[in-house]
Amino acid sequence: MKYNVTFMPDNQVVEVEKGTSLIKAASQAGIFIKSSCGGKGTCGACKVVVLEGEAQTDRTGNLTPEQLSRGVRLGCRTFVEDNLTVEVPPESRLQDHQVLLENNSSLLRESSKDLLSHYGFHPLARKVQVSCSEPSLTDNASDWARLSLEIKRTLQSEKPIKIPLSVMQTLPEALRKGNWNLSVTLSDLESEYTVIRVEPANSKPAFGLAIDIGTTTVVVYLVNLDNGEVIDKQGAYNKQAHFGDDVISRIVYAVESEESLKEMQNAVVESLNALIGDILKRQNLESSDLATAVISANTTMAQLFLGIDPRYIRLEPYIPTANWIPSVPAKEIGLNILPEGLIHTFPSVASYVGGDIVSGTLATDIANSEEIVLFIDIGTNGEIVLGNQDWLVSCACSAGPCFEGGGILFGMRAMPGAIERVVIDPETLDVSLKVIGRVPPVGICGSGLVDCLAKLREAGVIDRAGNFQMGHPSQSDRLRATDEDKEFVLSWAHQSGGDKDVVITENDVKNLIRAKGAIYAGIRSLLQTVAMEMEMIDRIIIGGGFGNYLNVHESVRIGLLPDLPHDKFEFFGNSSVKGAHLALLSRKAWKEAEELGRKMTYIELSIGNTFMDEFVSALFLPHTDLTLFPSIKE
Ligand code: FES
């Protein structure tokens, strides 16, 4: 039995099976609802309001009787039993998403160009023009013999050439239609070529995709494989988001049944195909123009994308199925590119240091650096790499999704409406805000949260442990207690983009302190494993979702980043997609990535007490040990 669900205020109608959860129905309607706990009914992030019709609820979490009487329900634990009209309030939505896409990358950045010239421009797929001689009664070599010979001659290469049956089936027609002149698209690997498309000669270049599959977002770059230029790019939420915010909730869901693993795989493939579809439309291209894709993803995301059971990643001793993944034709995954085009997935180091970090390490060129470099990727997880040309160590610390807006009441990604800077008058607690897009605020993004935490502390609203100081001398009504929590009003409802006050709660502050504490503790623990001091680091490269916007001064003030001279810090943006771009354009860089995966030593922080001790010490602003932050005057 099927029912219609109308989502408001979007007025989007979707027809779903009886028993479908509202969160799932919403995602089918293209509306993404927050799901921090992965649908267990415990986080309350997925609140919706049932305006009309009967819905069955099996869990109400900590909804109050007043909320229930207004029709407020948990979207994850409420199921369709009738035609429904459901309102999705702004705070429950994963906002329309603007991912970290740098403005100046229509051409390769200078640093990437240098790296590319170091590795050499040999894309993982290419298109060549081939002219074959016409057969005759005296020259009766087969079509394939004729073509393969000409390819070798054109490329002046003795590498073996393969052709899959599906492409061979199109060969006789293409040769004759093209009057024996063909455009041939090849996968170009170190050991062999594979013909993945034959068509009558034309001047269209081949294109490739550099793809970053993050836990929260996916990003696709369209790259011209003739010259390496990024000609279009787009990002969106990973549709897996309604199965939970973090990799653990995704794994828990994926292993429930065979169907749920398939569902997870479909969700990410659909997210990518939707982006690819938009890009192709804009560029007036066909999916068959896309010859290959390089995927950079954390280990769980990679396994889910490939449909590999991820359960052992989560269970001690945390073993991934494989660190090196074979390249597979796109048709095996359902990615909307040339069916025989190869998908190359970055190798990982361990369950919690994945291909995205290998990709970032490749893009930042740490493995060729004489200086000691610390590379921190701050995303849904926090991964850290330390080393230089001689050695590399890495670790992961579960920072949680705070800095991407997850687990924070008004958290959101860096996009219009997000508060990115906060000024708080320490005497009156009056607030002025800088909001992305100069529009009324609807939430607060990662860099805004870091700033806010520093300013709340500076104004005495919170103590060093993050406790709200309700007796603040200002007596400001911005600082208030509710039934659920204590909170500080950043923007009153009438000045906001939504219909509610935008607040930061004590619970948000504690989550942020835990997240920043995990990253700092990870850095300290990693240094200890190689017996090094913070001061010995020459450069700190920060990648990840908010890497471009983070304020170093405030990050040091809250103890997220080490107290080192600011000129040592460098922001790299989305290092994961940049590494994928580089590998797409250079077989040698791809080979180097495979080497990096093997070369990097993974340090498991859960062994021994070092990390835990460091973490507990870091749960203060900036730290329990103030001698580690000499530039900060308390
Ligand atoms: Fe619904 Fe957490 S309560 S996703």
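Look up: the structure comes first, before these words.
Here goes a summary of the coordinates provided. (Residues numbered from 1 in each chain as written. Predicted model: local features only at pLDDT ≥ 70, side-chain atom pairs only at ≥ 80, totals over all residues. Heavy atoms only, no water.)

1. Thoughts on the packing of aromatic side chains
Scanning all chains against the criterion turns up five aromatic pairs. Judged by centre distance (6.0 Å) and plane angle (10°), the rings of Phe 611 and Phe 615 are stacked. Of this pair, Phe 611 and Phe 615 both sit in helix 17 (residues 610-617), four residues apart, which is roughly one turn of the helix. For Phe 611, a relative accessible area of 14% translates into the label buried. Here the basic side chain of Lys 159 rests over the ring of Tyr 193, its NZ or CZ set 4.4 Å away from the ring centre. Above the face of the Tyr 221 ring, Lys 233 is positioned so that its terminal group lies 5.8 Å from the ring centre. (Phe/Tyr/Trp six-rings, centres within 6.5 Å; stacked < 30°, edge-to-face > 60°. Helix = DSSP H or I, 4+ residues; strand = E, 2+ residues; numbered from the N terminus. Buried < 20%, exposed > 50% of the residue type's maximum accessible area, 1.4 Å probe, protein only. Lys NZ or Arg CZ within 6 Å of the ring centre and 35° of its normal.)

2. Some words on the side chain of Thr 6
With respect to the element layout, Thr 6 can be found in strand 1 (residues 2-8). Ignoring anything within four residues of it in the chain, the contact list for Thr 6 reads Asn 11, Gln 12, Val 13, Leu 84, Thr 85 and Val 86. (Contact = heavy atoms within 4.5 Å.)

3. Description of the pairing of strand 12 (residues 207-213)
Among the seven residues of strand 12, seven are classified as buried, and the element is accordingly described as predominantly covered. Burial along strand 12 is two-sided: Phe 207, Leu 209, Ile 211 and Ile 213 and Gly 208, Ala 210 and Asp 212, pointing in opposite directions, are all buried. Where strand 12 and strand 15 (residues 290-297) come together, seven bridges link them in parallel fashion. Bridged to Gly 208 within strand 15 is Thr 292. (Pairing = 2+ DSSP bridges.)

4. A closer look at the side chain of Thr 505
Relative to the elements of secondary structure, Thr 505 occurs in strand 26 (residues 502-505). A distance of 3.4 Å separates the side chain of Thr 505 from the side chain of Asp 485, its partner in a polar contact. Apart from residues no more than four positions distant in its own chain, Thr 505 is found in contact with Leu 409, Phe 468, Asp 485, Lys 486 and Glu 487. (Polar contact = N/O pair within 3.5 Å; in protein donor to acceptor, adjacent residues only side chain to side chain.)

5. So, the pairing of strand 17 (residues 342-345)
Of the two faces of strand 17, the one holding Leu 342 and His 344 and the one holding Ile 343 and Thr 345 are both buried throughout. Note: strand 15 against strand 17, four bridges, orientation parallel. Note that in strand 17 the partner of Ile 295 across the bridge is Thr 345. Across two bridges, the pairing between strand 16 (residues 328-329) and strand 17 is antiparallel. Following the sheet pairing, Pro 329 is matched in strand 17 by Leu 342.

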